[in-house]
Structures are given as C-alpha cells and as structure tokens.
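Understanding the architecture of this molecule
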Amino acid sequence: MTSRMPALYIGHGAPPLLDDPVWSSQLATWAQDLPRPKAILIVSAHWESAPVSLSANRAPLVYDFGGFDPKFYRMTYETPDATALAQRIAAMMPASEPVHQHASRGLDHGAWVPLRIMYPEADIPVLQMSLPTHDPVRLMALGERLRPLRDEGVLIVGSGFLTHGLPFLKEFRIEADAPGWSSDFDAWAGEALTRGDVDELARFRTHAPGMPYAHPTVEHYTPLFVTLGAATTPDEPGIQVIDGFWMGLSKRSLQVA
C-alpha cells in the first residue's frame, strides 16, 4: 500500500534561487523529509491557460525569464515519461472540463527551478498542469478532483510566491528587507493559514493588507488554492515549513495532509 502523499504550496524563486545556499537547503531538506513520490504534478504560476492543459513529455525546458547569468539558459532537467499520469488526470476530469495535452510545452522555471533542488536526480516523472483560472472556488474544486492522486503516490505542488510585487521592489538583493506591503500580507496569510481559514484566504483582494502591491497580478498566489483543495480536510491547518523573505518577497511555503 502506498501511503498518502502530502500536497505542497511552494515559493519557486527566480533562477538565482539555485545559488542561494539558505533557501536551497530548506527546500532540499523538506524534500528529504517527504515520502518519495512516484510522480509529481506541479501547477506553476507561469502557465496560465484554459482549459486545463498538461505539459508534453520530454520537451525542452521553458526559459521564461531574462537578464540572468547565461548558465541558467543551459540548464536541463530531463525526467522520466509521465504519459501514464497525464492519461490518469484526463480520465479524472468531467466531460465539461476536457484536458488539453500540449504537444511541445516543457516545464517552466516555476517547476524546474525548485524541482532541481528538491529532486536533483531528475528520476521522478514530472507533469506540469496549467493554471486555468484565478477563482479560488474553482481552483479548490480542481484540487479536490486531483486529491485521489495523492493515494497513488503523486506529489501535488502549487508553485507560486506568497508575495510577488516585483514592480514595487526597490532593491534586488537576496537579503533585502521586506517592504511593508510584503511583510503585512505575509503576516495576514500566515495567520489565516494557521487557523485553516480558507474563506479569509480567498478574500485576499479585499481583506489582505498590502494589496494590490503584494500581488499586482495574482497568478503567484492562486496556486495555493489547488493545494488547499487537494488537502484531505482543506480547513485543517497545514504545516508552514518555510517562512522568511527572499529579495523582500515572502517565501512562506505550506504542506497539507
């Protein structure tokens, strides 16, 4: 019998995360403490597409960033075939929500950057799913549909950043102080997660301090609701495994049972 895998919401960071010994060590240690997954399904902030779409097998990585060291554009992350997982997901979705199998799209940096740290051997099948909406209710429902995969050894990961106000950052150093809008939003979310208050988290646009600066666009926050929907009991508080800030942005990350 396969034990039920947890589901995660992680901050994925930009490519320089790979050179940050502190955050890299936190992610690597977290992965070592998890049961070994048979496969990984990751929903990244960097693929917004409806209907639900799935990445292609063995496709080249997506280098969806600019201005970084050339070494990051030469990196690879070649994982085993995930066709079986793609077929399983397609079969789980209702006829009213068909799944599109993309012919050529590989993993974007919201997937391969953290996974290179967490599973450096690249020996686990990885499938990326698009983010089809930003409606928390619909994303919770999507996570709930995916929940049975956890009993089949699949690690479900929502990949974003708990604050992501890049246009409002004044300095781009890893150890930069968090702006008030970032620390305020982080504290609000951390408290709501501690209570398991899904309704409050869903009201972020109107209830969260620091908005809209913390999320001028919301795609880095909303993968959280796929993770919460995949939880056995969504309003049961999860474990906030990582906290703190990176370039002033909240790297708070969550594990749910």
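Residues numbered from 1 in each chain as written. Predicted model: local features only at pLDDT ≥ 70, side-chain atom pairs only at ≥ 80, totals over all residues. Heavy atoms only, no water.

Convention followed: UniProt positions are given in the numbering used here, feature names are shortened, and annotations may be inferred rather than shown by experiment.
The protein chain is annotated in an unreviewed UniProt entry as Class III extradiol ring-cleavage dioxygenase from Nocardioides endophyticus. The heading Cofactor (unreviewed entry) in the UniProt record of the protein chain holds the text "Zn(2+)". Looking at the Sequence similarities (unreviewed entry) heading of the UniProt record, one finds this comment for the protein chain: "Belongs to the DODA-type extradiol aromatic ring-opening dioxygenase family."

Notes on the overall build of the protein chain
As a reminder, the rule being used: Elements are defined by DSSP. Helices are runs of H or I of four residues or more, strands are runs of E of two residues or more, and each kind is numbered from the N terminus. Every radius of gyration here is taken over C-alpha atoms, with the globule rule written as 2.2 Å times N^0.38, N being the number of residues. Note on classification: 1.4 Å probe, protein chains only; a residue is buried when its accessible area is under 20% of the maximum for its type, exposed when over 50%, partly exposed between these limits. We call two residues contacting when some pair of their heavy atoms lies within 4.5 Å. In these tables, accessible area is a Shrake-Rupley quantity obtained with a 1.4 Å probe, and a residue counts as shielded only by the protein chains included in the view.
When helices and strands are counted, the protein chain shows eight helices and 10 strands. Computed over its C-alpha atoms, the radius of gyration of the protein chain comes to 17 Å, within 12% of the 18 Å expected for a compact globule of 257 residues. Along the longest, intermediate and shortest principal axes, the C-alpha atoms of the protein chain span 45 × 45 × 35 Å. Across the 257 residues in the protein chain, those meeting the buried criterion constitute 55%. Counting only contacts in the protein chain whose residues sit at least 6 apart along the sequence, the fraction spanning at least 24 positions is 81%. Carbon and sulfur atoms provide 53% of the accessible area of the protein chain, an area that totals close to 10800 Å².

A short note on unusual backbone geometry
Glycine aside, negative phi is the norm for most residues, and most peptide bonds take the trans geometry. A cis amide bond links Ala 50 with the next residue in sequence, Pro 51, at an omega value of 0°. Following the sequence through the fold, Pro 51 ends up in the loop between strand E2 (39–48) and strand E3 (53–54). Cis geometry marks the peptide bond from Met 211 to Pro 212; its omega dihedral reads 0°. Structurally, Pro 212 is set in the loop between helix H7 (204–207) and helix H8 (223–230). A positive phi angle, near 55°, is found at Ala 122, a position not held by glycine. A residue is classified by how much of its surface remains accessible, and Ala 122, at 13% relative accessible area, is buried.

Observations regarding the packing of aromatic side chains
Our working rule: Side-chain rings of Phe, Tyr and Trp (the six-membered ring for Trp) are treated as a pair once their centres are within 6.5 Å; stacked means planes under 30 degrees apart, edge-to-face means over 60, and tilted covers the remaining angles.
Counted according to the given criterion, the structure contains 16 aromatic pairs. Where Phe 185 meets Trp 188, the ring centres are 5.3 Å apart and the plane angle is 55°; that geometry is what we call tilted. Of this pair, Phe 185 and Trp 188 are both found in helix H5 (residues 180–195), three residues apart, which corresponds to roughly one turn of the helix. In this structure, Phe 185 and Trp 188 share a single accessibility class: buried. Three or more aromatic residues link up through ring pairs in this structure, and these residues are Tyr 63, Phe 65, Phe 68, Phe 72, Tyr 73 and Trp 112.

Notes on the pairing of strand E1 (residues 7–11)
The test is simple: In this scheme, strands are said to pair when DSSP sees at least two bridges between them.
For E1, the buried fraction is high: five of the five residues fall into the buried class. Covered by surrounding structure in E1 are Ala 7, Tyr 9 and Gly 11 together with Leu 8 and Ile 10, the residues of both alternating faces. Strand direction decides the pairing type here: E1 and strand E6 (residues 154–160), joined by five bridges, are parallel. The residue bridging Ile 10 from the neighbouring strand is Ser 159, located in E6. With three bridges joining them, E1 and strand E10 (residues 253–256) adopt antiparallel strand pairing. Bridged to Tyr 9 within E10 is Leu 254.

Describing the environment of Asp 151
You can see Asp 151 is positioned in the loop between helix H4 (136–146) and E6. Along the chain, Asp 151 and Met 5 lie 146 residues apart, while their C-alpha atoms are 6.5 Å from each other.

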